[in-house]
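# Architecture at a glance
Next come the chains, spelled out residue by residue.
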Amino acid sequence: MGRTAGIWPYVCLVPALAAFIFLEIVPALGTSIFSLTDYSGLPHAPINWVGLQNYHDLLTGGQTFLIRALQVTAIFSLLVTVVQNGLAVLIAWLLNSRLRGQITVRVLVFLPVVLGATVNGLTWYVMFNPLGGPVTLLLAELGIRANLLGNAATALYAVIWVQIWANLGFSMMVYLAGMQGIPAEVYEAGKIDGTSPWSAFRHLTIPLLAPSITINVLLAIIGTITGYELIFVLTDGGPAFTSQTLGMWVFNQAFFISNNRLPGYAATIAMVQFMLVFAIALVAQYYLRRREAVL
Amino acid sequence: MSLSRRRLLGSFALGAGAVVAAACGQSTSSPAGTSAPATSAPAAAAPAGAGAGPVTINVIAWNSGSSAEAFKTAMSQINDQFKQKRPNVTVNFEPLGQGATWTNAQMARIAGQTTDVTATYGFAPQDIINFQPDTQFLDLSSLSSIKSFDQTNVARFMTWKGKVWQMTLAYVGHIVWTNEDMLAKYNLKHPTTYAELQSMSDTLKANKEMPIFYAAKPQTALNRLASQIEMTVGRPKHPNFWSDLLVQGKADFTTPEWVESFKRAKEFTSKYFDPAFSGIDYPTGAGLFATGKYAMWPEGSFSGGDIMAAKPTFQKLGAFTAPWSDDADANAVQPVYGDIGWAGLKYTKNPEIVLEWIDFFGQKENFKSFMQVLQYYPTQAVDLTGPVPTAEAPLLKKTAVSKARLALPGMTYDTSWSELLLSDQYTPETYAQYVQKNFDDSRPQWQKYIGLFDADWAKLYFS
């Protein structure tokens, strides 16, 4: 027993490791290889090795579409990350102040996380329906004729709102857990020094929440650059491609647009997306970790 | 450098296997998947016919909207009749969703060789590229029922390299559905020119009615409008436009006719369409039109059955071919493309049975009974009854292949004109330049297909 005891942790890791390798690493490698082919996804169709041609086409021929997708992704990611985290911190702070009805508020804010992308998307799809959706009717009462998901000027912002609404609860819970981990003595010491509640929030809570901020910001950045589920349900990337993020573009190229269904090319976009996420996440993590150390 | 399928898949079998297992898990565990080998084996040994061992053939198709139930019913009727003829043969029919769900399921079934017959769209260039029918499909040229079909439809939708590879049962036209009660109320007749269409819409607007209904979400639904306008405004001046594009890779989207097409599309949609059209969900279209609040709906012919299934509040459904130009003759040409049909897979263990089943389907009486339920444009000259065929029949005198499915894989330009119609970033002139640029820029993706389609094919296809 003594001689084999050291092996058991590794043996126990094998199933999870195998699942990770077969379901994550191998498909990822497959995608990187398909990005170098003209793979059409069609059975019995020849697969030709095209080297970096897809990357060349994406950066030259597909420039218009790439720049547009990058712009949309940047707006989507930035607004969601900033607003979602700002609101989540604020709500967590309020809930941590022992207000009445805080459990109800916590459940309500967290509920969309449990519902998932499809249900959340369909809920707001109905709410925003231009022919009699509740939001449309409400805005009509104010004299505003709304077609939020069908208007090129508003569709992306409507999607951003739903994305924030859907994920706010998760961020809020992470912040709340972080806040509840802050020792009460810290605030008591602050009180003795005469800090106001706002000052305590700004100078004590926020700095001590740094690890939670790092996690939430990174998850929001990665989720918004790679995700497509809510956009797919709400707008399908339209109207006029104004809500087509990189993730949505990959999906459309790989599976949806019948005459432009090019999984090999989609794999190329996915690789560019991966490199982008990797670079941004690396920089963000470096900056946030440094900030944690300083604080 | 070209890699063989075996070599490439051999290299990445694990990855591909994992992806397929994750994405298409049902393909190998479905009833079709499990039943095929067990039931097909005896048939391979014993030829089909009375007294032969039990044989099962698997048939897959997409299903769409409210037609899905009618489609299943019609399939059951045909298969029951076939069972009477061939008691030892069981036909497993499985509808597999629509859109991307259908495409992915179809690919998985063909790759896994678990279907004997697949539904296909009537041939468009992209289908020929994707399926390479002469290598994947059974040759149907010698089936006796093929002679019953309209030979123009056979040439357009079923033929490649001089042989018939699929039996296309129906085709789609892009027309304008009408609420005849509303038109009668204001004494309006079907327009034959663009001026008449505008005048008619003005009359409706003046009477506080909504002239045009459209459901453009997702934006690809705009393809139907673009198809109509291109057919009547652009095509008459450039009859070889699509032939030149597909055969030689040449196209000029900046001609005055294209700019005029874009201009009319932009002006008309902003003036006469329901302002919410860009946010209306396409699958709800038939139901909303059936409410009777709209006068006209530019849409596919296949939606006639869906409108009737939604129990319209108006008494009479009508239809006309959209007149987007000033020339009544040019406006009479309806853009069409091939819809559902059957193709037998070459790898099937029961090719005789598959051919017999397809042939049975194509026999005049069986075909007619099937199309009567489905109520699509039939590819054989049969008389169908009911309000939908009655409205459509007069429109079928002049047809030509629509632009809707003509783009080659990789042609990344906005085929549905959504960026023009759903945003204000382009004028018709700048949009024409933009389309041209995207067409030219995407050339490396599709240039390899130039040479696949020759002038003889184009002559038949666009006849």
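Residues numbered from 1 in each chain as written. Chains lettered and ligands numbered in written order. Predicted model: local features only at pLDDT ≥ 70, side-chain atom pairs only at ≥ 80, totals over all residues.

## A short note on the overall build of chain A
If you tally the helices and strands in chain A, you get twelve helices and one strand. Its helices and strands taken in sequence order, chain A reads α-β-α-α-α-α-α-α-α-α-α-α-α from the N to the C terminus. Burial status across chain A gives 41% buried among its 295 residues. Long-range contacts, defined as pairs at least 24 residues apart, comprise 69% of the intrachain contacts of chain A with a sequence gap of at least 6. (Helix = DSSP H or I, 4+ residues; strand = E, 2+ residues; numbered from the N terminus. Buried ≥ 20, exposed ≤ 12 C-beta atoms within 10 Å, placed from the backbone. Contact = placed C-beta atoms within 7 Å.)

## With respect to helix α1 (residues 8-34) of chain A
In an α-helix there are 3.6 residues to a turn, and that puts residues three or four apart on one side. Over its 27 residues, α1(A) runs 37 Å from end to end, which matches the ideal 39 Å to within 8%, given 1.5 Å per residue. Of all the residues in α1(A), the buried ones are A:Pro27, A:Gly30, A:Thr31 and A:Phe34. (Expected span 1.5 Å × (residues − 1).)

## Comments concerning the domain arrangement of chain B
All names here are of chain B. Annotation of chain B at the domain level lists domain 1 (30-168 + 340-375) and domain 2 (172-336 + 393-461). Just the C-alpha atoms count here: the centres of domain 1 and domain 2 sit 31 Å apart. Residue-level contacts link eleven residues of domain 1 with 17 residues of domain 2. In terms of residues, the side of domain 1 that touches domain 2 owes the most to one element, helix α6 (residues 125-131), which gives three residues. (Domains from an automatic or database assignment.)

## Notes on the packing of helix α3 (residues 63-95) of chain A against helix α6 (residues 155-180) of chain A
Residue and element names in this part refer to chain A. Packing of α3 against α6 brings their axes to within 7 Å, and their N-to-C directions diverge by 40°. When the axis of α3 is compared with that of α6, the two are oblique. Along this stretch, α3 crosses α6, giving a crossing that reads as right-handed. Split by residue class, the contact of α3 with α6 holds 21 nonpolar, five polar and no charged. (Axes fitted to C-alpha atoms, helices over the stretch in contact; angles between N-to-C directions. Parallel < 35°, antiparallel > 145°, perpendicular 65-115°, else oblique. Left-handed = near helix turned anticlockwise from the far one by under 90°. Nonpolar A, V, L, I, M, F, W, Y, C, P; charged D, E, K, R; others polar.)

## Quick notes on the confidence of the model for chain B
Residues and elements named next belong to chain B. Here chain B averages 87 in pLDDT, and 88% of its residues register 70 or above. Across residues 1-50 the pLDDT falls below 50, and counting only partners more than four positions away or on other chains, this stretch makes 79 contacts in the model. As scored by the predictor, the complex reaches a pTM of 0.84 and an ipTM of 0.80. (pLDDT = per-residue confidence, 0-100.)

## With respect to the sheet that holds strand β2 (residues 55-61) of chain B
Residues and elements named next belong to chain B. Sheet architecture is open: five strands sit in the order β3-β2-β4-β13-β7, paired in mixed fashion. The strands lining the two open edges of the sheet, one partner per strand, are β3 (89-95) and β7 (167-168). Where β2 meets β3, seven bridges bridge the pair, whose relative direction is parallel. Looking at β3, one finds that valine 55 is bridged to valine 89. With respect to the sheet, helix α17 (residues 351-362) is in contact with β2, β3, β4 (117-121), β7 and β13 (340-344), its orientation differing from that of β13 by roughly 160°. (Pairing = 2+ DSSP bridges.)

## Here's the deal with the confidence of the model for chain A
Here chain A averages 89 in pLDDT, and 96% of its residues register 70 or above. Confidence, expressed as mean pLDDT per element, reaches its minimum in chain A at strand β1 (residues 47-48) of chain A with 85 and its maximum at α6(A) with 95.

## Points about the pairing of β13(B)
All names here are of chain B. β13 sits mainly inside the fold: five of its five residues count as buried. By the alternation rule, side chains of β13 split into Ile340, Trp342 and Gly344 and Gly341 and Ala343, which are all buried. As defined by bridge partners, β4 adjoins β13 across five bridges and the pair is classed as antiparallel. By the bridge assignment for β13, threonine 118 is matched with alanine 343. In terms of strand pairing, β7 meets β13 through two bridges, oriented antiparallel. In the strand pairing of β13, methionine 167 is matched with tryptophan 342.

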